[in-house]
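The lines below spell out each chain.
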Amino acid sequence: MKLLKDKIHQDGLVLSGNVLKVDSFLNHQVDPFLMKKIGEEFVRRFSDEKITKILTLESSGISPALMAALELEIPLVFARKRKSLTLTDDLYTAEVYSYTKQETNTISVSKNWIHSGEKVLIIDDFLANGQAALGLCSIVQQAEAEIVGIGIVIEKSFQQGRNLLMDQNLRVESLARIKSLENGKVQFIEEENN
Ligand code: G4P
Ligand code: NA
Ligand code: NA
């Protein structure tokens, strides 16, 4: 997605440890115009599917996921990382280990918000090692719903997340695929029509 890649080149900062900082439009301040275009692009890419719900993980997945949900006129559900104060619901849970942070989080979704037979599109801001996406997949499977695919805003293609998801025969659509962040420079994988 050219608009997104241009924005990353313009405003992204490469930090040590192969980390891309995009706080000016995605992870702290949010660019609603860009998010709207991102939502539309996810909908275009999955237009051959009948989707009934979008699932993401708080907090940075919410902005792009919400715009896709608005475009499809369907609800968005976000998995929580911390236990809710109103812990009266039955929950689907998954353990998500973060290599970056070296900690495990239990993510959860109330059984009220994903039902058996639903067709769920998972959306997240980053795909790195894939553990968050796999946790979200586990939650959809626990609900006996169908995973339509996984939509990612920024994929770090040099990490193993995409391969782990492809190994499970999951469809992954990433709007920007980063080949390398070496020498402080963002290099994308060039794709047709992208
Ligand atoms: P994984 O889920 O793909 O295995 O990712 P990992 O544990 O490596 O990453 C943990 C957190 O760091 C996630 O956000 C993920 O989106 C984010 N992340 C990974 N690589 C980068 C990067 O290069 N740049 C940025 N900006 N973020 C990266 P999170 O902890 O869930 O945070 P948030 O959703 O509250 O922002
Ligand atoms: Na993040
Ligand atoms: Na995230």
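These lines cover the structure that appears in this document, whether it is placed above or below. These figures come from a predicted structure and were not determined experimentally. (Residues numbered from 1 in each chain as written. Chains lettered and ligands numbered in written order. Predicted model: local features only at pLDDT ≥ 70, side-chain atom pairs only at ≥ 80, totals over all residues. Heavy atoms only, no water.)

**A word on the overall build of the protein**
Reasoning step 1: The helix and strand inventory of the protein stands at five helices and 10 strands.
Reasoning step 2: In terms of overall size, the protein behaves like a compact globule, its C-alpha atoms giving a radius of gyration of 16 Å where 194 residues would be expected to give roughly 16 Å.
Reasoning step 3: With respect to the principal axes defined by its C-alpha atoms, the protein has extents near 50 × 35 × 35 Å.
Reasoning step 4: The buried share among the 194 residues of the protein stands at 48%. (Helix = DSSP H or I, 4+ residues; strand = E, 2+ residues; numbered from the N terminus. Rg over C-alpha atoms; globule rule 2.2 N^0.38 Å. Buried < 20%, exposed > 50% of the residue type's maximum accessible area, 1.4 Å probe, protein only.)

**Looking at the coordination of the sodium ion (ligand 3)**
Put simply, a metal with four donors set out as a tetrahedron has ideal angles of 109.5 degrees, and one with six donors set out as an octahedron has ideal angles of 90 or 180 degrees.
Reasoning step 1: Around the sodium ion (ligand 3), the protein supplies D124 (OD) and D125 (OD) as donor atoms, at distances of 2.3 to 2.9 Å.
Reasoning step 2: Here the sodium ion (ligand 3) and the sodium ion (ligand 2) are spaced 3.4 Å apart, with D125 acting as a shared donor.
Reasoning step 3: D124 gets classed as buried once you look at its relative accessible area, which sits at 8%.
Reasoning step 4: A relative accessible area of 10% places D125 in the buried class. (Donors = N, O, S within 2.8 Å, 3.2 Å for Na, K, Ca; no water.)

**Points about the nonpolar core**
Reasoning step 1: The biggest cluster of nonpolar side chains holds 32 residues, and the ones touching the most others in it are L4, I8, L20, L26, I38, I54 and I154.
Reasoning step 2: Contributions of two or more residues to this core are made by α1 (2-11), α2 (32-45), α3 (62-72), β7 (119-127), β8 (146-156) and β9 (172-180).
Reasoning step 3: Considering each element in turn, this core owes the most residues, five residues, to α2.
Reasoning step 4: If near-sequence neighbours (up to four positions away) are discounted, I8 is found in contact with L20, F25, I154, A176, V186 and F188. (Core = buried A, V, L, I, M, F, W, Y, C linked by side-chain atoms within 4.5 Å. Contact = heavy atoms within 4.5 Å.)

**Concerning the sheet that holds strand β4 (residues 76-79)**
Reasoning step 1: Pairing within the open sheet is mixed, and its six strands lie in the order β4-β3-β7-β8-β9-β10. The two strands at the open ends of the sheet, each matched to only one other strand, are β4 and β10 (187-188).
Reasoning step 2: In terms of strand pairing, β8 meets β9 through six bridges, oriented parallel. Note on β9: the bridge partner recorded for E155 is R177.
Reasoning step 3: Along the sheet, α3 makes contact with β3 (53-57), β4, β7 and β8, crossing β3 at roughly 175 degrees. (Pairing = 2+ DSSP bridges. Axes fitted to C-alpha atoms, helices over the stretch in contact; angles between N-to-C directions.)

**What to know about unusual backbone geometry**
Reasoning step 1: Cis geometry marks the peptide bond from E58 to S59, where omega comes out at 0 degrees.
Reasoning step 2: Here S59 shows up in the loop between β3 and α3.
Reasoning step 3: Positive phi is not limited to glycine here, since N183 has a value of about 55 degrees.
Reasoning step 4: Along the chain, the position of N183 falls in the loop between β9 and β10.

**Brief notes about the side chain of S174**
Reasoning step 1: Inspection of the secondary structure assignment puts S174 in strand β9.
Reasoning step 2: A residue is classified by how much of its surface remains accessible, and S174, at 3% relative accessible area, is buried.
Reasoning step 3: For S174, the side chain forms a polar contact with the side chain of E155, separated by 2.6 Å.
Reasoning step 4: Non-local contacts of S174, meaning those with residues more than four positions away in its chain, are made with R45, I152, E155 and R162. (Polar contact = N/O pair within 3.5 Å; in protein donor to acceptor, adjacent residues only side chain to side chain.)

**Side note on the side chain of S110**
Reasoning step 1: Checked against the element boundaries, S110 lands in strand β6 (residues 103-110).
Reasoning step 2: Not counting the four nearest positions on each side in its chain, S110 is found in contact with D89, D90, L91 and Y92.

**A few points about the pairing of β7**
Reasoning step 1: With respect to burial, β7 is a largely interior element, eight of its nine residues being buried.
Reasoning step 2: Of the strand pairs in this sheet, β3 and β7 are connected by three bridges, and their pairing is parallel. When the bridges of β7 are listed, I54 appears paired with L121.
Reasoning step 3: Note that β7 and β8 share eight bridges and pair parallel. Its bridge partner lying in β8, L127 is registered against E155.
Reasoning step 4: With respect to chirality, the unit in which β7 leads through helix α4 (residues 131-142) into the neighbouring parallel β8 is right-handed. (Right-handed = clockwise from strand over helix to strand, strands pointing away.)

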